[in-house]
There are 2 protein chains.
Amino acid sequence: MKKFAMILSGSGVFDGAEIHESTLTMLAIKRQGADYEIFAPDITQHHVVNHITGEEMDEKRNVLIEAARIARGDIKEIGQLDANDFDALIMPGGFGAAKNLSTFAIDGENLKVNPGVEKAVKAFIDQKKPVGALCISPVIIGKLLGDVELTIGSDQSTAEALQKMGATHKQTTHGQVIRDSKYNVFTTPCYMLDANILQIEEGANNVVKAMLETMK
Amino acid sequence: MKKFAMILSGSGVFDGAEIHESTLTMLAIKRQGADYEIFAPDITQHHVVNHITGEEMDEKRNVLIEAARIARGDIKEIGQLDANDFDALIMPGGFGAAKNLSTFAIDGENLKVNPGVEKAVKAFIDQKKPVGALCISPVIIGKLLGDVELTIGSDQSTAEALQKMGATHKQTTHGQVIRDSKYNVFTTPCYMLDANILQIEEGANNVVKAMLETMK
C-alpha cells in the first residue's frame with residue numbers, strides 16, 4: 001500500500017490549513033487504496049483570524065495543536081517525518097501555507113520557508129518521490145525548487161510572484177493538475193479559484209490519482 | 001433545489017463539531033443536487049481541548065466563531081434559522097453536540113439542550129420536514145422528542161441513556177441509517193463507531209440520500 005505524508009498548517013482557511021482541502025485529500029488517498037500520516041510544525045501561528053469578520057484576534061495558537069483538530073489527534077511533529085518511510089508528500093492549502101509554513105502572505109516572492117517543511121520537501125525531491133501541493137501551497141515548492149512548472153489557478157499577482165522565483169506558471173481551472181516531470185511535482189488550484197466543495201473533491205482526487213500513477 | 005439547514009457546534013471532534021463529518025455532510029448534500037446553509041449558536045464553548053493530549057486548555061472560544069472555520073465564514077447565528085426557508089435540518093456530530101449544543105457529556109440522560117437548537121429542531125418536526133443527526137447528536141433528538149427510534153451505533157452506555165429518555169435504540173454498523181417514520185428523523189453512527197474516513201463518507205451520503213427520498 002502506497003503511503004502519503006501530509007503536511008498541515010493549522011485548522012481554518014484564513015490562518016491555517018483549509019479544512020475541506022485537507023479532509024478531501026485524506027478521503028482521496030483512502031478512496032484510491034493508499035494511506036497517509038499527518039505532520040505539522042510545532043510553532044506558533046502567524047496570527048489567529050476570526051473566520052466570520054476576517055479580523056485578527058488577540059490570541060496565540062500552535063500550528064501542530066490546531067492541525068490535530070483535522071487529524072483527530074493522529075499527528076506528528078514535522079521533525080519526525082522521514083521520507084524513507086513514505087512514497088509521496090502532499091500539502092493541502094489554506095493561508096496557513098502562506099503564513100505558517102512560509103511567509104508568502106507577508107513577504108511575497110521573498111518568502112522564507114519553515115525549516116522542517118524545507119527539509120521534508122527536499123528529501124522527497126532528492127528521493128525522486130512525488131510531491132503534491134494544492135491551492136496556495138505551490139508557492140513553497142516554487143521557492144524551494146525555482147525552475148519548476150506549477151499552477152495556482154489564475155490569480156495574476158501570485159502567478160507573477162512564482163515567475164519571479166524562477167518558476168513557470170500554468171493557468172488552470174477546477175480539477176486540473178499540472179505535473180512538473182523533472183521534479184515529479186503535482187499542483188492543482190482548489191480554493192485559489194472561486195470553487196465549491198464538489199470542485200475541491202475533484203481537485204484532490206485528480207492530484208492524488210496523478211501522483212499514484214507515477215508510483216506504479 | 002432542496003435546501004438543508006446544518007447546525008455546527010464548533011470545530012474539532014473533542015470540543016466542537018467533528019470536522020470530517022461536517023465536511024462530508026456538506027459534500028454529500030451538494031453531490032446529491034441539494035444545497036445548504038450553516039448555523040451555530042453564539043455561545044462560549046464548554047471548554048477547549050488540546051487535540052493531541054486530550055487535556056483541557058486554559059482558553060475560551062466561541063462556538064459560532066470556531067464553526068466558521070469549517071464554514072469558511074459563511075455561517076449565521078442559530079436565531080436566524082427560520083424552518084420556513086429550508087426543506088430539512090441536519091446535525092453532524094463531534095463532542096460539541098454533547099458539550100455545546102447540549103450537556104449530554106456532563107449530565108447524561110438529564111441533558112439540557114441549547115434553546116436555539118431546541119427551537120430549530122422542534123420547528124422542523126412541527127413542519128414535518130426531515131431531521132438528520134450523525135454520531136452523538138441523536139442524543140439531542142432523543143431528549144427533545146422522547147418516543148423516537150434512533151441509532152448511535154453500538155455504544156452500550158449511550159444507548160441506555162437514550163432509552164432512559166424514552167427513545168428506542170437500534171444497533172447499527174458503518175453506513176446504516178435508522179429512520180423514525182413518525183417524526184421523519186434519520187440517524188447514522190459515523191465516528192460513534194471506530195471508523196475510517198471512507199465510512200464517514202458512506203454514512204453522510206446515506207443519511208442525506210434517505211432524507212432526500214422523503215422530500216420527493
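About the cut-offs
- Residues numbered from 1 in each chain as written.
- Chains lettered and ligands numbered in written order.
- Predicted model: local features only at pLDDT ≥ 70, side-chain atom pairs only at ≥ 80, totals over all residues.
- Heavy atoms only, no water.
- Core = buried A, V, L, I, M, F, W, Y, C linked by side-chain atoms within 4.5 Å.
- Buried < 20%, exposed > 50% of the residue type's maximum accessible area, 1.4 Å probe, protein only.
- Contact = heavy atoms within 4.5 Å.
- Pairing = 2+ DSSP bridges.
- Helix = DSSP H or I, 4+ residues; strand = E, 2+ residues; numbered from the N terminus.
- Right-handed = clockwise from strand over helix to strand, strands pointing away.
- Least-squares fit on C-alpha atoms with pLDDT ≥ 70 in both.
- Polar contact = N/O pair within 3.5 Å; in protein donor to acceptor, adjacent residues only side chain to side chain.
- Axes fitted to C-alpha atoms, helices over the stretch in contact; angles between N-to-C directions.
- Buried area = accessible area lost by both parts, 1.4 Å probe.
- Salt bridge = Lys/Arg side-chain N within 4 Å of Asp/Glu carboxyl O.
- Phe/Tyr/Trp six-rings, centres within 6.5 Å; stacked < 30°, edge-to-face > 60°.
- Lys NZ or Arg CZ within 6 Å of the ring centre and 35° of its normal.

The next thing to look at is the nonpolar core. Within the largest apolar cluster, 150 residues are counted, with the highest numbers of intra-cluster contacts made by A:F4, A:L81, B:F4 and B:L81. Beyond its immediate stretch of four places on either side in the chain, A:L81 contacts A:A5, A:I7, A:F39, A:F86, A:L89, A:A120 and A:F124.

Moving on to the pairing of strand 2 (residues 35-40) of chain B. All names here are of chain B. Here strand 1 (residues 3-7) runs beside strand 2; their pairing, made up of 5 bridges, is parallel. Of the residues in strand 2, the one forming a bridge with A5 is E37. Each parallel crossover has a hand, and the one from strand 1 via helix 1 (residues 19-31) to strand 2 is right-handed. With 3 bridges connecting them, strand 2 and strand 5 (residues 75-77) associate as parallel partners. Its bridge partner lying in strand 5, I38 is registered against I75.

On to the relation of the copies chain B and chain A. Both copies of the chain are placed relative to one another by a rotation about an axis and a shift along it. Turning chain B through 180 degrees and shifting it by 0.0 Å along the axis lays it on chain A, with an RMSD of 0.0 Å. In symmetry terms, the pair is related by a two-fold rotation axis. Of the interface residues in chain B, 100% have counterparts in chain A that sit at the interface too, so the contact is made through matching surfaces.

Take the side chain of B:T187 next. Residue and element names in this part refer to chain B. Assignment of secondary structure puts T187 in strand 11 (residues 185-188). Side-chain polar atoms of T187 contact the backbone nitrogen of T151, separated by 3.0 Å. Residues in contact with T187, not counting those within four places in the same chain, are A133, P138, L150, T151, Q176, V177, I178 and V207.

On to the sheet that holds strand 5 (residues 75-77) of chain A. All names here are of chain A. The 7 strands are arranged 5-2-1-6-7-11-10 in an open sheet whose pairing can be described as mixed. Each edge of the open sheet is held by one strand with a lone partner, namely strand 5 and strand 10 (178-180). On average, each strand axis in the sheet is tilted by 25 degrees relative to the strand beside it, whichever way the strands run. Helix 5 (residues 115-126) contacts strand 1 (3-7), strand 6 (88-91), strand 7 (131-134) and strand 11 (185-188) of the sheet and is inclined by roughly 140 degrees relative to strand 6. Sitting on the sheet, helix 6 (residues 138-145) is in contact with strand 6, strand 7 and strand 11, with an inclination near 130 degrees to strand 7.

Listed per partner, the contact involves 37 residues of chain B and 37 residues of chain A. Where chain B abuts chain A, roughly 3200 Å² becomes buried across the two surfaces, and 62% of that area is made up of carbon and sulfur atoms. For chain B, the biggest contributors to the area lost against chain A are B:I52, B:R69 and B:R72; these three give 25% of the whole. At the boundary of chain B with chain A, the tally comes to 8 salt bridges. With a shortest N-O distance of 2.5 Å, A:E201 and B:R31 are connected by a salt bridge. Where chain B packs against chain A, one counts 14 residue pairs in polar contact (both at pLDDT 80 or more). For the side of chain B that touches chain A, the secondary-structure elements that each account for two or more residues are helix 1, strand 3 (48-49), helix 2 (63-70) and helix 8 (197-213) of chain B. No other element matches helix 1 of chain B, which puts 8 residues into the side of chain B that touches chain A.

Let us now look at the packing of aromatic side chains. All names here are of chain A. Counting across every chain of the model gives 4 aromatic pairs over all chains. Their ring planes at 40 degrees and their centres at 6.5 Å tell us that F14 and F95 sit as a pair that is tilted. Here the residue F14 occupies a position in the loop between strand 1 and helix 1 (19-31), and F95 occupies one in the loop between strand 6 and helix 3 (96-99), the gap between them amounting to 81 residues. Accessibility expressed as a relative area gives 27% for F14, which makes it partly exposed. Seen from the ring of F95, K99 lies directly overhead, with NZ or CZ sitting 4.7 Å from the centre.

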